[in-house]
Amino acid sequence: MYDGPVQDLIDELGRLPGVGPKSAQRIAFYLLKLPKGDAQQLAAAIVEVKERIGFCDTCWNISESERCSLCSDPQRQTGSLCVVEEPKDVIALERAGFRGRYHVLQGALNPMEGIGPEQLRIRELMSRISDEEVQELILCTNPNIEGEATAMYLSRQLQPLGIKVTRIASGLPVGGDLEYADELTLGRALEGRRELQG
Amino acid sequence: MIIKRLWLTNFRNHDETDVELNDGTTLVVGLNGHGKTNLIEGLYLLSGARSFRGAKVDALVRSGHTSAYIRAEVENESRTSLIEIELTTQGRSKAQVNKQKVKRFRDLGDTVRAVVFSPDDLELIKGPPAIRRSLLDDTIAITNPEFRAVRTDLDHILRQRNNLLKQAKGRLSNDLETSLIIWNEQLVNAAELIGDTREEFIHQFGPSVADFYQQVAGRNDPVTLNIEADWRHTGLAEALVKSQDDEVRRGMTLVGPHRDDLLMLLNSLPSRSHASQGEQRSLALALRLATYLYIEKVSGDQPLVLLDDVFSELDETRARRLVECLPNSQIVLTSATGTVPEGVNPSQTLSLEEGQVCAP
């Protein structure tokens, strides 16, 4: 529709998640108007992230070096290991104050997208458990069908090893109102109720 | 619950329809192809259901336009709400209640409840099992949000599991076996809940269908409803083990709630194959009447009753008996000839011509 390079840019932007053809076109025209320096900075940032960022050899989180800052931090507790799907989940748990170590699976079981156990960092997790002294494994995959399937798979694989495996709870958000909770979440919260010690 | 007013804009052959409805019976008269069923369809969509004619959005939007609008003023216990639906051929269709967006289309069912009787209802008896499954599931879902969610989950799990089986290309490897265990567990949890809920529902629904059948047919023939689901005897977990080899070979899930059927026995014989055309028609009517009664009972609200050209298919006595069974709720019925059986007393008549309401 547009001249070569403009259409190429629109097509490339359109392949990004959450960007449709209309947004791609809008971003492309914004970029066209950008001063050359700014555009080069953006291009350089994309190239740099691809060149410099890889995965940590231990926890498979994104990292600039072979061992990420979290894994090389001696202050972190070694006893508990939190298993998550994506690097962004690590950030979320860090904000929540978790001080143990992480393992990033880089996805969840999803046959529709061709993701089976071999595509996830499960083998690496197994060898970590025997190498490091892990006392508790906390399964923090998402509370959806794929996340639950992954948690179930892991707990089955880990059973023979005899370590403590826990699953993150699901229920009401803190500071929220009961009346705004959807019935499923509220049902789960009710199931997972606990006794108050008087 | 009463629909007070309905607007249809660029919906099928209605380009700008605005009708006021009262709480009694409205008779819609018009020649074939002038938009009677479309009006019924528009009213039915307000309940958050899909088109009862199985139409896609493209078919609902008037040709030459990109969006159709259905709007209605609904009175619920003397409170009025405005429902607005935008059906668009580009992007997602949207729905609002009192200018508040609803998350899922189906949630409209919390505001508007409707039961539709259509000439295609014979398919409920003669058609494939999927039609009967959705009759069951749609009716249960109206008042059971947990069931609604599990149903969505089940579809999702089945898609994942079927993909897994397909990828195996007929070979049962160790990897596949361990993965299957996980998906089986998920499937079993969702399936058992659906199975239990359906069974409980049939327990209430079955006798009510039998009752209405006898009233409509005017005979004391026994009717029994059962859910045909062999896996329920042993539990799905065991049934999956038994069918595993077959499933791997064929690359899909062969047992579970998605394969069940609603078996309707008339005089102890399957109605699908053994009942006469007239008996099948009476049974279809009984299913709809029982659906009405169920929704009324669990929601405490009288659903809107839509009768699309129903009487033309019935002989005089059965038409009369059906009229006797009809509830005292808001009713909209269509007729090409304008003649209705004795006992139906329309409180207003709308005349449709080329998708426009004219003075009768």
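Every contact between the two is made by 19 residues of chain B and, on the other side, 17 residues of chain A. At the junction of chain B with chain A, the criterion picks out 1 salt bridge. Among the ionic pairs, A:Arg156 bridges to B:Glu185, the shortest N-O distance being 3.1 Å. Connecting chain B to chain A are 7 residue pairs in polar contact (both at pLDDT 80 or more). Elements with a minimum of two residues in the side of chain B that touches chain A: helix 5 (145–167) and helix 6 (174–217) of chain B. Residue contributions to the side of chain B that touches chain A peak at 11 residues, all from helix 5 of chain B.

Below, the discussion takes up the packing of aromatic side chains. Under the definition given, this model contains 3 aromatic pairs over all chains. Plain terms: the ring middles of A:Phe98 and A:Tyr102 are 5.3 Å apart, the flat faces sit at 65° to each other, and that makes the pair edge-to-face. For A:Phe98, a relative accessible area of 16% translates into the label buried. Ring geometry for B:Phe201 against B:Phe205: centres 4.7 Å apart, planes inclined by 20°, an arrangement best described as stacked. Taken as a pair, B:Phe201 and B:Phe205 lie in helix 6 at a separation of 4 residues, close to a single helical turn. Side by side, B:Phe201 and B:Phe205 carry an identical accessibility label, which is buried. Joined through ring pairs, the aromatic side chains of B:Phe201, B:Phe205 and B:Tyr294 make up one cluster. Lying across the ring of A:Trp60, A:Arg121 places its NZ or CZ 3.9 Å from the centre. Seen from the ring of B:Trp7, B:Arg71 lies directly overhead, with NZ or CZ sitting 4.7 Å from the centre.

What follows deals with the packing of helix 4 (residues 129–143) of chain B against helix 6 of chain B. Residues and elements named next belong to chain B. For the pair helix 4 and helix 6, the least separation of the axes is 11 Å and the interaxial angle reads 90°. With respect to helix 6, the element helix 4 is oriented roughly perpendicular. Across the interface between the two elements, Arg133, Leu136, Asp137, Thr139 and Ile140 from helix 4 touch Thr197, Arg198, Phe201 and Ile202 from helix 6. Residues belonging to the contact of helix 4 with helix 6 are distributed by class as follows: 4 nonpolar, 2 polar and 3 charged.

As a further point, take the packing of helix 5 of chain B against helix 6 of chain B. All names here are of chain B. Contact pair helix 5 / helix 6: the axes reach a minimum separation of 9 Å and the direction vectors enclose 155°. One finds that helix 5 runs roughly antiparallel with respect to helix 6. Where helix 5 crosses over helix 6, the handedness of that crossing is left-handed. Facing Glu146, Phe147, Val150, Arg151, Leu154, Ile157, Leu158, Gln160, Arg161, Leu164 and Leu165 of helix 5, the residues of helix 6 in contact are Leu176, Ser179, Leu180, Trp183, Asn184, Gln186, Leu187, Ala190, Ala191, Leu193, Ile194 and Thr197.

Our focus in this paragraph is the nonpolar core. A:Leu137, B:Leu225, B:Leu287, B:Leu307 and B:Phe311 are the most contacted members of the largest nonpolar core, which has 90 residues in total. Looking at this core, the element that brings in the most residues is helix 6 of chain B, giving 18 residues. Look past the residues within four positions of B:Phe311 in its chain and what remains in contact with it is B:Ala319, B:Leu322, B:Val323, B:Leu333, B:Pro341 and B:Val344. Formed by 37 residues, the second largest nonpolar core is a distinct cluster that contains B:Ile3, B:Ala72, B:Val74 and B:Leu350.

Turning our attention to the domain arrangement of chain B. Residues and elements named next belong to chain B. Domain boundaries in chain B define domain 1 (1–113 + 301–360) and domain 2 (124–300). The C-alpha centroid of domain 2 is placed 29 Å from the C-alpha centroid of domain 1. Listed by partner, the interface residues are 18 residues for domain 1 and 19 residues for domain 2. Taking both sides of the interface into account, the surface hidden between domain 1 and domain 2 amounts to around 1600 Å²; carbon and sulfur atoms contribute 58%. Seen at the junction of domain 1 and domain 2, the total is 3 salt bridges.

Residues and elements named next belong to chain B. With mixed pairing, the 6 strands of this open sheet are ordered in space as 8-12-13-3-14-15. In the strand order of this sheet, the two ends are held by strand 8 (114–117) and strand 15 (356–358), each with one partner. Going from strand to strand, the sheet's axes swing by 25° on average, the running direction of each strand aside. Where strand 12 (residues 304–307) lies against strand 13 (residues 331–335), 3 bridges are found, and the strand directions are parallel. Paired with Val305 across the two strands is Ile331, which belongs to strand 13.

Definitions and limits used
- Residues numbered from 1 in each chain as written.
- Chains lettered and ligands numbered in written order.
- Predicted model: local features only at pLDDT ≥ 70, side-chain atom pairs only at ≥ 80, totals over all residues.
- Heavy atoms only, no water.
- Contact = heavy atoms within 4.5 Å.
- Salt bridge = Lys/Arg side-chain N within 4 Å of Asp/Glu carboxyl O.
- Polar contact = N/O pair within 3.5 Å; in protein donor to acceptor, adjacent residues only side chain to side chain.
- Helix = DSSP H or I, 4+ residues; strand = E, 2+ residues; numbered from the N terminus.
- Phe/Tyr/Trp six-rings, centres within 6.5 Å; stacked < 30°, edge-to-face > 60°.
- Buried < 20%, exposed > 50% of the residue type's maximum accessible area, 1.4 Å probe, protein only.
- Lys NZ or Arg CZ within 6 Å of the ring centre and 35° of its normal.
- Axes fitted to C-alpha atoms, helices over the stretch in contact; angles between N-to-C directions.
- Parallel < 35°, antiparallel > 145°, perpendicular 65-115°, else oblique.
- Nonpolar A, V, L, I, M, F, W, Y, C, P; charged D, E, K, R; others polar.
- Left-handed = near helix turned anticlockwise from the far one by under 90°.
- Core = buried A, V, L, I, M, F, W, Y, C linked by side-chain atoms within 4.5 Å.
- Domains from an automatic or database assignment.
- Buried area = accessible area lost by both parts, 1.4 Å probe.
- Pairing = 2+ DSSP bridges.

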